[in-house]
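Listed here are the chains, written in short residue letters.
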Amino acid sequence: MQCDYFDAGTCRSCTEMGVPYPTQVARKEEHLRRQLGAFPGIEWLPSFTAAESGFRNKAKMVISGDPGSPTLGILDTDGLGVDLRACGLCSPGLTAAFPVLADFISTTGLIPYDVPRRRGEVKYLIVTESPDGELMVRFVLRSTRQLAQLRDALPRLQAALPAAVVVSANIHPEHKATLEGDEEIILTAQESLPMRLDALTLHLRTRSFFQTNTAVARELYRQGTAWVDEVGPSTLWDLYCGVGGFALHAARADREVTGIEVSAEAVASARLSASDAGLPHTGFVAADATAFVRDAVELPELVIVNPPRRGLGAELASLLEDSEVRHVLYSSCNAVSLGKDLTRMPGLAPVKARLMDMFPQSHHYETMVLLERRAA
């Protein structure tokens, strides 16, 4: 992939930009095998790759510049805006929406936030595109000062950008390097973005997490479901379930499935998806994954885990190791923490592994590993 921003030195976020894509994938495969080198006998499935550009379904754009000509992108070392609205990683639907959103900010009189001077109102735009081309647009504002302007101008935005079916304002009053605040104000009648993957639709609410690469997410859930069906458990837990992607895809009429996620917003999304899909034996609980397992009287036959980059940690890994769980399906975005967690669970042997290249042009990737309880 070639990028004018990278070539000009304007943006260096993509650390692997300019490296041939097959070489990128080979490097990731080598890195993954090094991290799991202490575990012999793994069946390595072919790596899954999709498009190396235009794959991002979500963009987090810093809003800066003058009110009449805002920039959408990142900040330079001086805290000034760098416009990246033609970023080649973003999906065509996102890149088509950016000029419309920039014009809307300008003509509505919304004031970009000036980081060095700590004044202004619009800090970020967070835009997500569904597989069907619909958009969720979130304006991250410093305060509610211009909320009425934004609300009054909403019909004009939807006329210019009909794909924007969910629009919200997130209020983030603090001056710190975090993306959003605690208060979310939905401005449209529709509150969630339908993410249709194969025969299942996941409902994504404004503050819920979804994988940024739709093609790879679809394959991630297909692979996970195939492994679960191969094992055939009657009971299953999905820890760190997010909006329920793994749990909902693995749900069956004869299988009791429970998703556990600390985010109440994500749990609300998952429950809506389960209801729409008609999955009565699938439930979701808003709870800390480690505390949920620690307090459980009985664990299921199979556990899916999809933790943040830090991994499971010593306590949860120990709880799974000391349990009677027969299989664990581990989806990881950090092979280093994955390797550490596997050493903490010697009774659960990795038998299958697959690299999913969720993040081309970077050194990051997703890994799926199926663990099986060793014979006593």
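Residues numbered from 1 in each chain as written. Predicted model: local features only at pLDDT ≥ 70, side-chain atom pairs only at ≥ 80, totals over all residues. Heavy atoms only, no water.

### Section: the UniProt feature "binding site: S-adenosyl-L-methionine" (unreviewed entry) in the protein
Then, in step 1: The positions that UniProt labels "binding site: S-adenosyl-L-methionine" (unreviewed entry) are, in the present scheme, Q211, Y240, E261 and N306.
Then, in step 2: Note that Q211 resides in the loop between β10 (200-205) and α6 (214-231).
Then, in step 3: Here Y240 shows up in the loop between β11 (235-239) and α7 (245-250).
Then, in step 4: Ignoring sequence-local partners within four residues, the contact set of Y240 consists of I260, E261, A289, T290, N306, P307, P308, L312 and L316. (UniProt positions renumbered as here; feature names shortened; annotations may be inferred. Helix = DSSP H or I, 4+ residues; strand = E, 2+ residues; numbered from the N terminus. Contact = heavy atoms within 4.5 Å.)

### Concerning the domain arrangement of the protein
Then, in step 1: Domain boundaries in the protein define domain 1 (4-52 + 209-373) and domain 2 (58-188).
Then, in step 2: One C-alpha centre belongs to domain 1, the other to domain 2; they are set 31 Å apart.
Then, in step 3: When domain 1 packs against domain 2, the two sides together hide about 690 Å² of surface, and 72% of this comes from carbon and sulfur.
Then, in step 4: When the buried surface of domain 1 facing domain 2 is broken down by residue, Y5, T10 and T212 rank first, second and third, together holding 52% of it.
Then, in step 5: Remark: the boundary between domain 1 and domain 2 carries 0 salt bridges.
Then, in step 6: Scanning the region where domain 1 abuts domain 2 turns up 1 residue pair in polar contact (both at pLDDT 80 or more).
Then, in step 7: Considering only residue class, the side of domain 1 that touches domain 2 consists of 3 nonpolar, 4 polar and 2 charged. (Domains from an automatic or database assignment. Buried area = accessible area lost by both parts, 1.4 Å probe. Salt bridge = Lys/Arg side-chain N within 4 Å of Asp/Glu carboxyl O. Polar contact = N/O pair within 3.5 Å; in protein donor to acceptor, adjacent residues only side chain to side chain. Nonpolar A, V, L, I, M, F, W, Y, C, P; charged D, E, K, R; others polar.)

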